[in-house]
Amino acid sequence: MIMSINPWEDTIIALITPAGRGAVGVIRISGPDTIPLLSHVFPKAQVNQWPSHTPKLAQFYAGQEKLDEVLVTLFRAPKSYTREEVAEISLHGSPYILRQAINTLLKAGARMANPGEFTQRAWLNGALDLTQAEAVADLIAAESALAHKAAFSHLKGGFSDKLQELRTELLTLAALLELELDFAEEDVEFADRTQLLITLQKIQTEVTRLSNSFQLGNAIRNGIPTAIIGKPNAGKSTLLNALLKEQKAIVSDIPGTTRDIIEDKLFIGGGEFRLMDTAGIRATEDVIEQAGIQKTKEAIASAQIILYVLDSTQETPQQAVIWCENNLSFSENTQLIILGNKSDLLSNSIDPDKNSKYVYLPIAAKTGQGIEALLQTLTDLAGFTEVPDVLVTQARHQEALLHTTTALNQVQLAFEEQLPTDLIARDLRDALYHLGTITGEISPDEILGSIFSKFCIGK
Ligand SMILES: Nc1nc2c(ncn2[C@@H]2O[C@H](COP(=O)(O)OP(=O)(O)O)[C@@H](O)[C@H]2O)c(=O)[nH]1
Ligand SMILES: [Mg+2]
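A quick note: this is a predicted structure, and the numbers were derived from the prediction, not measured.

A regular strand places its side chains on the two faces of the sheet in alternate fashion. Of all 7 residues in strand S2 (residues 24-30), 6 are buried; the element is thus mostly enclosed. As paired strands, strand S1 (residues 12-15) and S2 are joined by 4 bridges and run antiparallel to one another. Across the sheet, Leu15 pairs through a bridge with Ile27, a residue of S2. With 7 bridges connecting them, S2 and strand S5 (residues 86-92) associate as antiparallel partners.

Following this line, the structure appears as structure tokens:
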């Protein structure tokens, strides 16, 4: 039995490839006992002499049983993902082999890693900051090109660098004010207040820009919930199928066919739309259909984009708008698009209301007419065509930025009302604190450090 000296610095293992049968299954080990554990399962090898970052062919022993011939790579601390001793063993991906291998390592003293524990260790050991650690999970979860790009940019420190810039500027401000406090008795004003205000406003603008980018960032990270609604038989399910280019939902001329919400993901313009085909809204005695209509209402409440499909032979765009305004309660961030479906059945095209604030598009879901225009409209509305380099994708970051803004507004107010320096400095520290929680590097000593490094007071 191998035991670690510090129980909190134990050695963790996990299968890091998907569970089940595969050509290869990879087990990762991280912690101080990595090399003893390897020596235990590779008794015939000179593990101690293995060079770092170099795959080795070796015989894996589960006790007396020669279990598998594997490739194993040792990553010596601190040049590893977690900065600890790490090894990755590529075994044949048989559930039996992988189970036996894990059991052998556990019996030899390793512990099963908790979810995210490798990345947590990487963060604790300073290999990543918090936003980068969060980006690891996002990168793995990313399904669209834009979600991937945003996560990868965060992982590479794009967001951290931006925050660091803001932090440095705030620290300079704070340092100037703290300096004044140190010389409080002498009643000196080191920092020109007008200049400070200009710097402050620049930072405020930047923090606001970042926090405003969350709407797009969130849409990119989680996809845009998009509800397809309308009266029974308008052609909602036909539209879902046309957008997805597959027969996902049952289409029929019997009203009330769709009851459960039918969901699928649509990837266009690099982004993701979470389409929800819903039960047509009407008064009905059918309890199952009623339940479906209830679900439709929930889908509408959760939607960011609503596609109202109307049967152009039955309903005009104006009637649809009136119905929507009377029956839907959507927030100002919800976009409504009116789709005049079955336009193939009309002899004359319909003139939409030019003064309407809603987008109107004539389509024929059955023939595909107008679908391209709809896809383009969706991409434009989503903002997927103009994505800034740095954007906020997580609610936690957005929340911290809002707290930062509140604190910065306090600072501005304090400046304007010429409040005592110590009060301004306190609000500034508040702003720094909230900004620091994003990357996880809050330490008030930094302010002191900044004074000494920049002004060489030496006292
Ligand atoms: N001519 C024509 N028929 C359509 C069009 N879209 C749907 N339909 C028909 O309208 C009926 C109802 O369609 P469905 O998609 O099930 O409507 P839903 O109840 O809104 O989901 C079906 O018979 C479809 O084939 C269209 O663009 N043109
Ligand atoms: Mg339907």
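Here the focus is the site of ligand 1. Around ligand 1, a shell composed of 18 residues is seen, among which Asn233, Gly235, Lys236, Thr238 and Asp344 lie nearest. Ser252 has a polar backbone atom sitting 3.2 Å from an oxygen atom of ligand 1. Within the contact set of ligand 1, an oxygen atom lies 3.2 Å away from a side-chain nitrogen or oxygen of Asn341. Its free accessible area being 580 Å², ligand 1 has 90% of it covered by the protein chains. Ranked by the residues each element gives to the shell around ligand 1, the list is headed by helix H9 (residues 236-244), at 3 residues. Here the shell around ligand 1 is built from residues that sort into 6 nonpolar, 6 polar and 6 charged.

Moving on: the sheet that holds strand S12 (residues 359-362). Overall, mixed pairing links the 6 strands, which are arranged S8-S9-S7-S10-S11-S12 in an open sheet. Taken across any chain shown, the strands that pair with only one partner, and hence form the sheet edges, are strand S8 (262-268) and S12. Pairwise comparison of adjacent strand axes, ignoring direction, gives a mean angle of 25° for this sheet. Pairing analysis gives 4 bridges linking strand S11 (residues 335-341) to S12, with the strands arranged parallel. Each bridged residue has a counterpart across the sheet, and for Leu339 the counterpart in S12 is Leu361. Taken strand by strand, helix H12 (residues 371-382) contacts strand S7 (224-230), S8, strand S9 (271-277), strand S10 (305-311), S11 and S12, and its axis lies near 175° from that of S11.

We now examine the coordination of the magnesium ion (ligand 2). Coordination of the magnesium ion (ligand 2) by the protein involves Ser237 (OG) and Thr258 (OG1), with metal-donor separations of 2.1 to 2.2 Å. Of this pair, Ser237 sits in helix H9 while Thr258 sits in the loop between H9 and S8, and the two are 21 residues apart along the sequence. On the basis of relative accessibility, which here comes to 9%, the residue Ser237 falls in the buried class.

Counted according to the given criterion, the structure contains 21 salt bridges. A salt bridge links Glu289 to Arg282, with the shortest nitrogen-to-oxygen separation between them at 2.7 Å. A relative accessible area of 3% means that Glu289 is categorised as buried. Where Lys342 meets Asp311, a salt bridge forms, and the shortest distance between an N and an O atom there is 3.2 Å. Of this pair, Lys342 sits in the loop between S11 and S12 while Asp311 is found in strand S10, placing the two residues 31 residues apart along the sequence. According to the relative accessible area criterion, Lys342 is partly exposed, its value standing at 23%. Judged by its relative accessible area of 11%, Asp311 falls in the buried class. A single salt-bridge network, built from bridges that share partners, covers Asp10, Glu84, Arg111, Glu117 and Arg121.

Conventions we followed
Residues numbered from 1 in each chain as written. Chains lettered and ligands numbered in written order. Predicted model: local features only at pLDDT ≥ 70, side-chain atom pairs only at ≥ 80, totals over all residues. Heavy atoms only, no water. Buried < 20%, exposed > 50% of the residue type's maximum accessible area, 1.4 Å probe, protein only. Helix = DSSP H or I, 4+ residues; strand = E, 2+ residues; numbered from the N terminus. Pairing = 2+ DSSP bridges. Near = heavy atom within 4 Å. Polar contact = N/O pair within 3.5 Å; in protein donor to acceptor, adjacent residues only side chain to side chain. Areas by Shrake-Rupley, 256 points an atom, 1.4 Å probe, with all protein chains shown as cover. Nonpolar A, V, L, I, M, F, W, Y, C, P; charged D, E, K, R; others polar. Axes fitted to C-alpha atoms, helices over the stretch in contact; angles between N-to-C directions. Contact = heavy atoms within 4.5 Å. Donors = N, O, S within 2.8 Å, 3.2 Å for Na, K, Ca; no water. Salt bridge = Lys/Arg side-chain N within 4 Å of Asp/Glu carboxyl O.

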